[in-house]
Amino acid sequence: MKNIMITATAESVEQAQALIDTGVDRIYVGEKDYGLRLPQTLSHDEINRIAQLVHAAGKELTVAVNALMHQSMMDSIKPFLDFLKEIQADYITVGDAGVFYVLKRDGYPFKTIYDASTMVTSSRQINFWGKQAGASEAVLAREIPSAELFVMAENLQIPAEVLVYGASIIHHSKRPLLQNYYNFIKTEDSVTKDRDLFLAEPGDPNSHYSVYEDKHGTHIFSNNDLNMMTKLSELVEHGFDHWKLDGVYCPGENFVKITEYFVKARDLIQKGTFTQDQAYLFDEEIRKLHPANRGLDTGFYDYEPDRVK
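Below or above, wherever it landed, is the structure these notes cover. The structure displayed is predicted, hence computed values, not measured ones. (Residues numbered from 1 in each chain as written. Predicted model: local features only at pLDDT ≥ 70, side-chain atom pairs only at ≥ 80, totals over all residues. Heavy atoms only, no water.)

**A word on the overall build of the chain**
Link 1 in the chain: Scanning the chain from N- to C-terminus turns up eleven helices and 14 strands.
Link 2 in the chain: With the C-alpha coordinates aligned to their principal axes, the bounding extent of the chain is approximately 50 × 50 × 40 Å.
Link 3 in the chain: Evaluated residue by residue, the chain yields a buried proportion of 52% over its 309 residues.
Link 4 in the chain: For the chain, restricting intrachain contacts to residue pairs at least 6 apart in sequence, the fraction spanning at least 24 positions comes to 67%.
Link 5 in the chain: With an accessible surface of roughly 14,700 Å², the chain has 49% of that area assigned to carbon and sulfur atoms.
Link 6 in the chain: Distance between charge centroids for the chain: 4 Å, based on 31 positive and 45 negative side chains. (Helix = DSSP H or I, 4+ residues; strand = E, 2+ residues; numbered from the N terminus. Buried < 20%, exposed > 50% of the residue type's maximum accessible area, 1.4 Å probe, protein only. Contact = heavy atoms within 4.5 Å. Areas by Shrake-Rupley, 256 points an atom, 1.4 Å probe, with all protein chains shown as cover. Lys, Arg positive; Asp, Glu negative; His and termini not counted. Charge placed at Lys NZ, Arg CZ, Asp CG, Glu CD.)

**Looking at empty space enclosed by the protein**
Link 1 in the chain: Counted under the stated rule, the structure contains one cavity of 30 Å³ or more.
Link 2 in the chain: Considering the residues around the largest cavity, the lining is formed by 13 residues, among which Arg142, Leu149, Val162, Leu163 and Met228 are closest to the centre.
Link 3 in the chain: Broken down by element, the residue count for the lining of the largest cavity peaks at three residues, all from strand E7 (residues 160-166).
Link 4 in the chain: Considering only residue class, the lining of the largest cavity consists of ten nonpolar, one polar and two charged. (1 Å grid on protein atoms, 1.4 Å probe; cavity = no way out; pocket = protein on both sides within 12 Å on 5 of 7 lines; lining within 4 Å. Points joined across faces, edges and corners; volume = space filled by probe spheres on them. Nonpolar A, V, L, I, M, F, W, Y, C, P; charged D, E, K, R; others polar.)

**Focus on the nonpolar core**
Link 1 in the chain: Residues Ile27, Leu61 and Leu84 are the most contacted members of the largest nonpolar core, which totals 85 residues.
Link 2 in the chain: Per element, the largest residue contribution to this core is eight residues, and it comes from helix H10 (residues 252-271).
Link 3 in the chain: Among residues more than four places away in sequence, those in contact with Leu61 are Ile27, Val29, Ile50, Ala51, Val54, His55, Ile87, Ala89, Asp90 and Tyr91. (Core = buried A, V, L, I, M, F, W, Y, C linked by side-chain atoms within 4.5 Å.)

**A short note on the pattern of salt bridges**
Link 1 in the chain: Applying the stated criterion to the full structure yields 15 salt bridges.
Link 2 in the chain: Residue Asp45 pairs with Arg49 through a salt bridge whose shortest N-O separation is 3.9 Å. Of this pair, Asp45 and Arg49 both sit in helix H2 (residues 44-56), four residues apart, roughly one helical turn.
Link 3 in the chain: Note on Asp45: relative accessible area 47%, which makes it partly exposed.
Link 4 in the chain: Residue class for Arg49 comes out partly exposed when judged on its relative accessible area of 38%.
Link 5 in the chain: The salt bridge involving Asp302 is made with Lys231; its shortest N-O contact spans 3.2 Å. Of this pair, Asp302 sits in the segment after strand E14 (295-297) while Lys231 sits in the loop between strand E12 (224-227) and helix H9 (232-237), and the two are 71 residues apart along the sequence.
Link 6 in the chain: What makes Asp302 partly exposed here is its relative accessible area of 49%.
Link 7 in the chain: Among the charged side chains, a network of salt bridges with common partners joins Asp25, Arg266 and Asp267. (Salt bridge = Lys/Arg side-chain N within 4 Å of Asp/Glu carboxyl O.)

**A few points about the packing of aromatic side chains**
Any pair of aromatic rings gets described here by the distance separating the centres and the angle formed by the planes.
Link 1 in the chain: Summed over the entire model, instances satisfying the criterion amount to 15 aromatic pairs.
Link 2 in the chain: Judged by centre distance (5.9 Å) and plane angle (20°), the rings of Tyr212 and Phe221 are stacked. Like Tyr212, the residue Phe221 is buried in the burial classification.
Link 3 in the chain: Taken together, the aromatic side chains of Phe100, Tyr114, Phe128 and Trp129 make up a single cluster linked through ring pairs.
Link 4 in the chain: Here the guanidinium or amino end of Lys193 rests over the ring plane of Tyr249, the centre of that ring lying 5.8 Å away.
Link 5 in the chain: Geometry around Tyr249 places Arg294 over its ring, the cationic atom sitting 4.0 Å from the centre. (Phe/Tyr/Trp six-rings, centres within 6.5 Å; stacked < 30°, edge-to-face > 60°. Lys NZ or Arg CZ within 6 Å of the ring centre and 35° of its normal.)

**A look at the packing of helix H4 (residues 77-86) against helix H5 (residues 97-106)**
Link 1 in the chain: Following both chains from N to C, one finds H4 and H5 inclined at 60°, their axes separated by 12 Å at the closest point. The angle between the axes of H4 and H5 places the two elements in the oblique class. Once H4 is placed against H5, the crossing between them reads as right-handed. Contacts between H4 and H5 involve Ile77, Lys78 and Leu81 from the former and Val99, Val102, Leu103, Arg105 and Asp106 from the latter.
Link 2 in the chain: Its residues assigned to classes, the contact of H4 with H5 comprises five nonpolar, no polar and three charged. (Axes fitted to C-alpha atoms, helices over the stretch in contact; angles between N-to-C directions. Parallel < 35°, antiparallel > 145°, perpendicular 65-115°, else oblique. Left-handed = near helix turned anticlockwise from the far one by under 90°.)

**What about the side chain of His242?**
Link 1 in the chain: Within the fold, His242 resides in strand E13 (residues 242-245).
Link 2 in the chain: For His242, a relative accessible area of 11% puts it in the buried group.
Link 3 in the chain: A distance of 3.0 Å separates the side chain of His242 from the side chain of Asp241, its partner in a polar contact. (Polar contact = N/O pair within 3.5 Å; in protein donor to acceptor, adjacent residues only side chain to side chain.)

**As for the layout of surface pockets**
Link 1 in the chain: There is about 530 Å³ of room inside the largest pocket.
Link 2 in the chain: Residue lining of the largest pocket: 36 residues in total, with Arg37, Asn66, Asp115, Ser117 and Ile169 positioned closest to the centre.
Link 3 in the chain: Elements with a minimum of two residues in the lining of the largest pocket: strand E1 (5-9), strand E2 (26-29), E7 and strand E8 (169-173).
Link 4 in the chain: Residues that form the lining of the largest pocket fall into these classes: 17 nonpolar, eleven polar and eight charged.

The structure is reproduced here in C-alpha cells:
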C-alpha cells in the first residue's frame with residue numbers, strides 16, 4: 001500500500017502548527033490575489049512563517065494559485081511566484097493554462113497540482129494536464145459518483161486528490177452577484193463569508209447553499225459539507241490515497257480535532273487494522289465537532305451515475 005497523503009488547509013500560523021502536530025503531510029494556504037476559497041487569506045509574512053514551520057517538521061507546503069486569471073493578474077504574477085520560490089513552496093495549485101505557461105517558460109521549481117474545480121471529471125483530462133503541462137497531481141471535482149471514480153482510477157497516470165472533509169463549491173462567477181443584488185434592493189450589507197449568507201430553494205426551506213463574495217467574484221457551496229470517513233477504506237482500495245480536508249466553513253480548534261480523526265484513520269488503514277465500526281465511531285465524533293448550522297453527508301459518492309446531470 002502506498003502512503004496516504006493528507007493535506008489540510010490552515011487559517012493561521014498557529015493553526016498550521018497545530019495541524020502539523022496532528023500528523024498531516026501537507027499544509028495548504030494562500031493569499032487574497034491568487035488563491036480561491038481559502039479559510040483565511042494570509043499575508044506574505046504569514047505564509048513565509050508557515051513555510052518555515054512546515055519544512056522544519058519535514059512536511060510539505062502547498063500554496064493556492066488557482067484563481068481564474070485575467071490579463072492584469074497574469075501581468076503581475078511574477079513577483080508572487082518569485083516569493084513562492086524564495087520560501088521554497090513545494091506545490092502550487094493551478095487552474096489556468098497561462099500559469100502553467102509562465103512556470104514552464106521561466107523554470108520555476110515547484111510541482112503543480114491541476115485544480116480547475118468542478119471541471120475535473122475525467123481521467124483523460126487529468127492525464128492531458130499531467131503530460132502537456134507537467135502537473136504532478138490533480139484535484140478531482142466533488143460531484144463524481146464512486147462508480148465513475150473507480151473507473152477513473154484504472155486510467156489515471158498521476159495521483160488525484162479527493163476531498164474527504166469540507167465544503168464543496170458548486171458555482172463560481174467572476175461577477176459580483178451579491179453586490180449587484182444589494183444594489184438592486186438598495187441596501188449596503190456586507191457580502192463576505194463572515195456573514196454566513198445562504199441561498200434557499202423556494203420549495204425547500206431546508207436547503208442551505210452558502211454564498212459569499214470576494215475579489216474573485218461570487219462563490220456558492222453545496223447544501224451539505226462532505227465527510228467521507230465511512231468511505232475511506234473503499235477510496236484507498238481503489239487507489240485514492242491523496243486526501244484533503246478543507247476548513248473554509250469549520251474554523252479554529254474544531255477543524256484541528258476533526259483532522260486528528262482522519263490522521264488516526266489513515267494510520268490504522270496503513271497498519272491494516274481500520275474497521276468499519278471504527279469508521280462509524282470516528283464519524284460520530286466528527287459530527288459533534290462540525291458546525292451546527294451545516295449538514296454533513298457523502299455528497300455524490302453513492303449516486304448512480306445517470307442521476308448526475
